[in-house]
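# Close look at the chain arrangement
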Amino acid sequence: MNNDTTAPAIELKGISKAFGPVQANKDISIRVMPGTIHGIIGENGAGKSTLMSILYGFYKADKGEIFIGGQKTEIPDSQAAIAAGIGMVFQHFKLVENFTVLENIILGAEDGRLLKPSLAKARKSLLELAAEYELNVDPDALIEEIGVGMQQRVEILKALYRQADILILDEPTGVLTPSEADQLFRILGRLRAEGKTIILITHKLREIMEATDTVSVMRRGEMTATVKTADTSPEELAELMVGRKVLLQVDKTPPTLGDVVLDVQNLRVVDEQGVERLKSISLNVRAGEILGIAGVAGNGQSELLEVLGGYADGTGSVTLNGEAIDLTGKYSDGKTRRARGIAHVPEDRQREGLIMDYSAWENTAFGYHDDPAYQSGIFINNAAIRQDTEEKMERFDVRPPNPRLAAKNFSGGNQQKIVLAREIERNPDLLLIGQPTRGVDIGAIEFIHQQIVALRDQGKAILLVSVELEEILSLADRVAVMFDGHIMGERAAGETDEKELGLMMAGVET
Amino acid sequence: MDVMPKWAEVVLVPLISLLLAAILSGLVILAIGEDPIAALKLMIDGALGSTYGWGYTLYYATNFMFTGLAVSVAFHARLFNIGGEGQAMLGGLGVALACLFIPWPHWSLGLLGAIVLAGAFGAIWAAVPAYLQAKRGSHIVITTIMFNFIAAAVLNYMLVNVLRPKGAMDPATARFPEAVHLPTLHDILAPIGISFSKAAPANVSLLVAIVACVLIWLLIWRTKLGYEIRAYGHSESAAKYAGISPVKITMIAMIISGALAGMMAINNVMGEAERLVLNATEGAGFIGIAVALMGRSHPLGVFIAAILFGFLYQGGAELALWTSIPRELIVVIQALVILFTGALDNMVRMPLERIFLALRKGGN
């Protein structure tokens, strides 16, 4: 495949790893040449993270060999990986919030018992690194005071400070604005130019196409293909990932607008620390319409969903079909909201939408466990719920279709389908839906998007919150951008683009 | 996919833990120069070798069933009720008031009245820490512990200054009237031709405890309330999303828990002592924590674990009586059992999971 005489920076030969009965990696071989950006793409649960964890010494492979720079290398733990020149930037940063940038960088790599010499040394090399790779950060800033984009740079610097030649980035753009992501890719390009090898793990086809030289596709624990990025297309990659043709565009007709279902006026939310999270927000959603709320995570979207979903207090006025909704007090809870016809697919299905230790059938009743159909006398009618769950699983193609299996044992996409089936099939007037496809595989994304559009076409109002601009643009009929607790502006989905929305997401008036 | 089959999870793990605790206890006994085999034989003989021994074992087990259930119900809502001891003391006060001041025509009515009052007193004693937790965020572990001390002081005051009969030297109430003496297992089993020791204190409360196990099972796994309690215990954020009120669940779970702990008093106060004395609970409230841990907060598990601890209590008492093994060592043995079955659970579980994994792979 490669006639180059230089040894690959990383070569994996026949890596296999099983967790109990689950074969997470099956005979995986991969060659990554030095000075390239190599993408690894695959659905959730395809085994990308397991493979990288093996490379970084978190797991030990059952079979197979690792070669670093042509040398066979054993990586029993992350110390060995660092020694071999491998650095990892995790999806969830591993930084100490109340330490400075400098302190985080030397954490675990201090030499000697006294901090001062280490800090001085780190400061010096930090400046050198910053000059070399255009990775500018303030060494004395506290982590909690800098943005996520900066925090990610600190993670990269941490790896470089430990003399990493190979950088693994796991879903690095999940928390970034489009422009921050562009900056990251510029930095990666710079690192590549300096001879570093980069492995980029992502599920976003666009990033693969933009940033990588070669790309490997994983499906169900196997490496299905490795191709030059220039020779492939998003459609081909999607097909390789899922194993069948996938519609990347959502098919939808123009909306048929009805009356205003949800009307929000001057909604304010102040959190427990007294910080104003929502600053007098006004918006409305009509029947038969999807209103998309775009924005970088943490700009008030979660609070908006929480207060509309009934589990955070707010002030202002919210009406549903013209009738006021209580924002505080006894009648401001999830139960009352559901009774009024508001269904809610929360942003974080693992913390809110599901009880991970509950079985699928117990989760199907969750929030609706008051439903008389689920009762028999003073007891819960378990059999009836199980029956209902079985039918819902069938309609929403949940796999495996076993109502007794605990929620934690389903894949992300199937968990989301369980939540979606529960909420959509209640035939709500308004559906609140947050990050509908976060951590969901492409095959399921397509299905979930179809369900949302189908609900819209039945004349329901949908408030969609997503940090994925692509998702907002393909689903929403109208887009509102949130920044720092207020709405920067609204656009009709057809009359805007990623660039304009990206600027609004960064707080720039357009 | 669960790694271990269910039977291994619920039977094998506790069994191996117990075995380890037994071996270690044996070594300790050996170290002080006694014969562990003889000691074990003595314990088994003393606790299970006669209906007299059984009577005591079951009597202790009854206490532990109530307190173990109490801790379990709170556990399901992820509340750690360490106040079972205090709640049981207050339950004792409730029983004493019911028995001394209401002229019951028959023991069965007296028992019902005592259950209600004991439960109510225990529930009130648990409700205060629950309220402080739900509304003020005062940690329930701290407040329930403190309430144990307050309960002991309240009881002391009541017995010394209010309930002590005139002229009595003993800080205890008068004996309860004949009408509220509960039938012992001897009285219950005699009509069906089984002869059971007359001297043993096991009484009709055992049956109440078993009924309580069944009712709590129904409550936790078959009712909406139990569903909400477990949901809240698994994930507070999810419970909020669903509209389950944390305040309501905290209050209700603790009230049920406190009531169960309080009801223990029908066994030790009404069934055995037939008057209220100081320190009537004898630490049963704390043993309840171990029982709930070992029983995995499942009523059937609690039932079995309670009998095991009943055996340890009675066998230990026999050991102290007949050998030179000091009473303190019995506590060491009990502590080892608690340590292995509760705290060191993973020590047994992890290797066992690995074995099952290897077996399954071999089978493929």
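This is a predicted model, so every value here is computed, not measured.

Turning next to the overall build of chain A. Tallying secondary structure elements over chain A gives 17 helices and 22 strands in all. For 510 residues, the compact-globule formula gives about 24 Å, and the C-alpha radius of gyration of chain A, at 24 Å, lands near that figure. With the C-alpha coordinates aligned to their principal axes, the bounding extent of chain A is approximately 70 × 45 × 45 Å. In chain A, which comprises 510 residues, the proportion classed as buried is 46%. Long-range pairs, those at least 24 residues apart, make up 67% of the contacts in chain A between residues at least 6 apart in sequence.

What chain B contains, in helices and strands, is 16 helices and zero strands. Relative to a compact globule of 364 residues, whose C-alpha radius of gyration would be 21 Å, chain B shows 21 Å and is just as compact. Here the C-alpha coordinates of chain B stretch approximately 75 × 60 × 40 Å along the principal axes. Looking at chain B as a whole, 50% of its 364 residues are labelled buried. Contacts spanning at least 24 positions in sequence make up 76% of the contacts within chain B whose residues lie at least 6 apart.

Residue and element names in this part refer to chain A. With mixed pairing, six strands are arranged side by side in an open sheet as E16-E19-E20-E13-E21-E22. The sheet is open, and its two borders are formed by strand E16 (342–345) and strand E22 (486–492), each paired with just one other strand. For this sheet, the mean angle separating the axes of adjacent strands, direction not counted, is 20 degrees. In terms of strand pairing, strand E19 (residues 430–434) meets strand E20 (residues 461–465) through five bridges, oriented parallel. Opposite Leu431, over in E20, you have Ile462 as the bridge partner.

Moving on to the domain arrangement of chain A. All names here are of chain A. As far as domains go, chain A holds domain 1 (10–242) and domain 2 (260–505). For domain 1 versus domain 2, the distance between C-alpha centres works out to 33 Å. Listing elements by their share of the side of domain 1 that touches domain 2, those giving two or more residues are helix H6 (178–193) and helix H8 (234–242). Take the side of domain 1 that touches domain 2: its biggest share by element is three residues, from H8.

This paragraph deals with the sheet that holds strand E4 (residues 63–68) of chain A. The strands that make up a sheet are held in pairs by hydrogen bonds between backbone atoms, and each pair lies either parallel or antiparallel. Residues and elements named next belong to chain A. Ordered in space as E2-E1-E4-E5, the four strands form an open sheet in which the pairing is antiparallel. Only two strands of the sheet have a single neighbouring strand rather than two, namely strand E2 (22–32) and strand E5 (71–72). As defined by bridge partners, strand E1 (residues 10–19) adjoins E2 across seven bridges and the pair is classed as antiparallel. Across the sheet, the residue bridging to Leu12 is Ile30, located in E2.

On to the interface of chain A and chain B, then. For interface size, the figure often reported is the accessible area lost on association. With 26 residues of chain A at the interface, the matching set in chain B holds 18 residues. Of all the elements in the fold, those that place two or more residues in the side of chain A that touches chain B are helix H10 (334–340), helix H11 (349–353) and strand E18 (379–380) of chain A. At four residues, H10(A) tops the list of elements feeding residues into the side of chain A that touches chain B. Tallied by class, residues from the side of chain A that touches chain B come to 11 nonpolar, nine polar and six charged.

Arg399(A) connects to Pro400(A) through a cis peptide bond whose omega is -5 degrees. Inspection of the secondary structure assignment puts Pro400(A) in the loop between helix H13 (382–395) and helix H14 (412–424). Its identity as a non-glycine residue notwithstanding, Asn321(A) has a phi of 50 degrees, on the positive side. Here Asn279(B), not a glycine, exhibits a phi torsion of approximately 50 degrees, which is positive. Turning to its location among the elements, Asn279(B) is positioned in the loop between helix H12 (265–273) and helix H13 (284–294).

Moving on to the environment of Ile448(A). Residues and elements named next belong to chain A. Note that Ile448 resides in helix H15 (residues 442–457). Its 23 C-beta neighbours within 10 Å are what place Ile448 among the buried residues. Excluding residues within four positions of it along the chain, Ile448 makes contact with Gln416, Leu420, Pro436, Thr437 and Val440.

Taking 1.5 Å per residue, 24 residues should reach 34 Å; helix H14 (residues 299–322) of chain B reaches 34 Å between its end C-alpha atoms and fits that length. Taken across its 24 residues, H14(B) has 18 buried, putting it largely inside the fold.

Attention now goes to the pairing of strand E6 (residues 86–89) of chain A. All names here are of chain A. Alternating residues of E6 divide into Ile86 and Met88 and Gly87 and Val89, and every residue in both groups is buried. Two strands pair when backbone bridges link them, and E6 and strand E7 (residues 166–170) are joined in this way by four bridges, in the parallel orientation. The partner of Met88 across the bridge, within E7, is Ile168.

Once that is clear, we can look at the nonpolar core. Core analysis: the biggest nonpolar cluster contains 256 residues, and Ile168(A), Leu464(A), Val481(A), Val95(B) and Phe309(B) have the highest contact counts within it. At 15 residues, the largest contribution of residues to this core is made by helix H3 (residues 51–76) of chain B. Mapping this core onto the domain boundaries places at least three of its residues in each of domain 1 (10–242) and domain 2 (260–505) of chain A. Ignoring any residue separated from it by four or fewer positions in sequence, one finds Val95(B) in contact with Ala114(B), Leu117(B), Ala118(B), Ala265(B), Ile266(B), Val269(B) and Met270(B).

The next point concerns the packing of helix H4 (residues 84–101) of chain B against helix H6 (residues 140–163) of chain B. Residue and element names in this part refer to chain B. Look at H4 against H6: their axes get within 7 Å of each other, and the N-to-C directions meet at 25 degrees. Here H6 runs roughly parallel to H4, going by the angle between their axes. Crossing angle aside, the handedness with which H4 passes H6 is left-handed. Contact residues: Glu85, Gly86, Met89, Leu90, Leu93 and Ala96 in H4; Phe147, Asn148, Ile150, Ala151, Ala152, Leu155, Met158 and Leu163 in H6.

A few words now on the environment of Leu185(B). All names here are of chain B. Structurally, Leu185 can be placed in helix H7 (residues 185–189). Residues Leu185 and Asn203 lie 18 residues apart in sequence; the distance between their C-alpha atoms is 5.0 Å. When neighbours within four sequence positions are excluded, Leu185 is seen to be in contact with Gly55, Phe196, Ala200, Ala202 and Asn203.

Per-residue confidence for chain B gives a mean pLDDT of 92; residues scoring 70 or more make up 98%. The complex model carries a pTM of 0.83, and its ipTM stands at 0.87.

Our focus in this paragraph is helix H9 (residues 301–309) of chain A. Residue and element names in this part refer to chain A. With eight of its nine residues buried, H9 lies for the most part within the structure. Regarding H9, the residues found buried are Gln301, Glu303, Leu304, Leu305, Glu306, Val307, Leu308 and Gly309. Within two residues after H9, Gly310 carries a phi angle of roughly 95 degrees, on the positive side.

What follows concerns the packing of H3(B) against helix H11 (residues 246–263) of chain B. Residue and element names in this part refer to chain B. For the pair H3 and H11, the least separation of the axes is 7 Å and the interaxial angle reads 175 degrees. Compared by their axis directions, H3 and H11 come out roughly antiparallel. Packed against H3, whose contacting residues are Phe66, Thr67, Leu69, Ala70, Val73, Ala74 and His76, the element H11 presents Ala253, Met254, Ile256, Ser257, Leu260, Ala261 and Met263 at the interface. Its residues assigned to classes, the contact of H3 with H11 shows 11 nonpolar, three polar and no charged.

Calculation rules
- Residues numbered from 1 in each chain as written.
- Chains lettered and ligands numbered in written order.
- Predicted model: local features only at pLDDT ≥ 70, side-chain atom pairs only at ≥ 80, totals over all residues.
- Helix = DSSP H or I, 4+ residues; strand = E, 2+ residues; numbered from the N terminus.
- Rg over C-alpha atoms; globule rule 2.2 N^0.38 Å.
- Buried ≥ 20, exposed ≤ 12 C-beta atoms within 10 Å, placed from the backbone.
- Contact = placed C-beta atoms within 7 Å.
- Pairing = 2+ DSSP bridges.
- Axes fitted to C-alpha atoms, helices over the stretch in contact; angles between N-to-C directions.
- Domains from an automatic or database assignment.
- Nonpolar A, V, L, I, M, F, W, Y, C, P; charged D, E, K, R; others polar.
- Expected span 1.5 Å × (residues − 1).
- Core = buried A, V, L, I, M, F, W, Y, C linked by C-beta atoms within 7 Å.
- Parallel < 35°, antiparallel > 145°, perpendicular 65-115°, else oblique.
- Left-handed = near helix turned anticlockwise from the far one by under 90°.
- pLDDT = per-residue confidence, 0-100.

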